[in-house]
Amino acid sequence: MGCRGYVGLFCLCLAVMTGIAQGLEVVDELEVKVIENGTVEAVILDCPYTVDEEDLGLVVKWFHAENPLQVYQWIVGELPQALGILADHVDLEYEASEDDSHRHRAIRILNPTTELTGEYTCRVSTFDVDRFVHRKLIVYSRPANVHVWAEEEGEDSVKVICDVEDVFPEPKVTLHMKAKDSNKKMILEGAKEEKTWSEGLYSTKVELIMEEDDLDGPTHFECEVTIPSTDVQVLNKTHYQPRVHEMAGAVISGSESRSAVSVVVSLVFLGLWRF
Ligand SMILES: *[C@@H]1O[C@H](CO)[C@@H](O)[C@H](O)[C@H]1NC(C)=O
Ligand SMILES: *[C@@H]1O[C@H](CO)[C@@H](O)[C@H](O)[C@H]1NC(C)=O
């Protein structure tokens, strides 16, 4: 968005009169970079702008939102510097452009790891004006384990548990159920969730207690783990055989034979599910 010809002269006059440089503009489109931890050598966050020759004192600074400190600085004509959490993570030789006013505006982050996740802001300044470009970087780590199982709870309930270990960032965990003879998968609402955070990774345990009467015979429970803003989806499932309950006063089966039957049936369904 340069000022050229008569328009440029007008702009320049206006700039001189008002003390506002018209030349510096940024291109701030929402850009989210999503990468898996430990899989890429480098990721580039760029800070595109247009600048006129009369814009003096051009400085590019990058900030990481979760960290009040600056992570990068480049004063045009000098060498760039990486600071704070990016201190040992930037390729300072990287050139976004051969143009002197753009050469080191971008940061090329080496071996990006989960702790570098977050919002980044590039602040481009001249003596007269400041402009901002926003970037988002997500470095995710897939869950190490997703275990789901169902256990008898009291006389007539079942407890479904999904245990998700070591994932980043915070995942979304959903339980589903599907009757054995049905294709309809239903979301189970109202599960209780317990999250923990350790050494930069989340673990979460989701639990839901249901009445066995609400199940339509043998049931598959599925646990779905997704990471928002990424296409990561990890599923695991388990099979549950509801107990046989007394109906209309008649006891249908004894408890010992019942559990033997349910173990056999479970194994059969587990087999079916696999194939
Ligand atoms: C991310 O990857 C790095 C390098 O491959 C590894 O050292 C680190 O443990 C990983 N971090 C997580 C949270 O998985
Ligand atoms: C799914 O569950 C099975 C049985 O518990 C386990 O062996 C497997 O590793 C789990 N899969 C994932 C992705 O965690």
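Below is a summary of the structure that appears in this document. (Residues numbered from 1 in each chain as written. Chains lettered and ligands numbered in written order. Predicted model: local features only at pLDDT ≥ 70, side-chain atom pairs only at ≥ 80, totals over all residues. Heavy atoms only, no water.)

Thoughts on the state of the cysteines
Inference 1: With the rule as written, the count across this model stands at two disulfides.
Inference 2: The disulfide partner of Cys47 is Cys122, and the S-S distance across this bridge is 2.0 Å. Residues Cys47 and Cys122 share a disulfide whose torsion about the S-S bond is about -80°; that sign makes it left-handed. Linking Cys47 in the loop between strand 3 (42-45) and strand 4 (49-50) with Cys122 in strand 9 (residues 118-125), this pair joins segments that are 75 residues apart in sequence.
Inference 3: For Cys162, the disulfide goes to Cys223, at an S-S distance of 2.0 Å. Every disulfide takes its handedness from the sign of the S-S torsion; for Cys162 and Cys223 that torsion is -85°, giving left-handed. Of this pair, Cys162 sits in strand 12 (residues 157-167) while Cys223 sits in strand 17 (residues 219-226), and the two are 61 residues apart along the sequence. Residues Cys162 and Cys223 agree in their burial class; the two are buried. (Disulfide = S-S within 2.5 Å. Helix = DSSP H or I, 4+ residues; strand = E, 2+ residues; numbered from the N terminus. Buried < 20%, exposed > 50% of the residue type's maximum accessible area, 1.4 Å probe, protein only.)

Quick notes on the packing of aromatic side chains
Any pair of aromatic rings gets described here by the distance separating the centres and the angle formed by the planes.
Inference 1: Enumeration according to the criterion identifies three aromatic pairs in this entry.
Inference 2: Seen in terms of ring centroids, Trp197 and Tyr202 are 6.3 Å apart; in terms of plane orientation they differ by 65°. Their pairing is edge-to-face.
Inference 3: Aromatic side chains Phe221 and Tyr240 sit 6.4 Å apart centroid to centroid with 50° between the ring planes, which places their arrangement in the tilted category. Taken together, the residues span a long stretch of sequence, with Phe221 in strand 17 and Tyr240 in strand 18 (residues 233-240) at a distance of 19 residues.
Inference 4: Residue Phe221 is classed as buried on the basis of its relative accessible area, which comes to 1%.
Inference 5: Feature note: the residues Phe168, Trp197 and Tyr202 constitute an aromatic cluster, connected by ring pairs.
Inference 6: A cation over a ring is seen here: Arg105 above Tyr49, with NZ or CZ 5.7 Å from the ring centre. (Phe/Tyr/Trp six-rings, centres within 6.5 Å; stacked < 30°, edge-to-face > 60°. Lys NZ or Arg CZ within 6 Å of the ring centre and 35° of its normal.)

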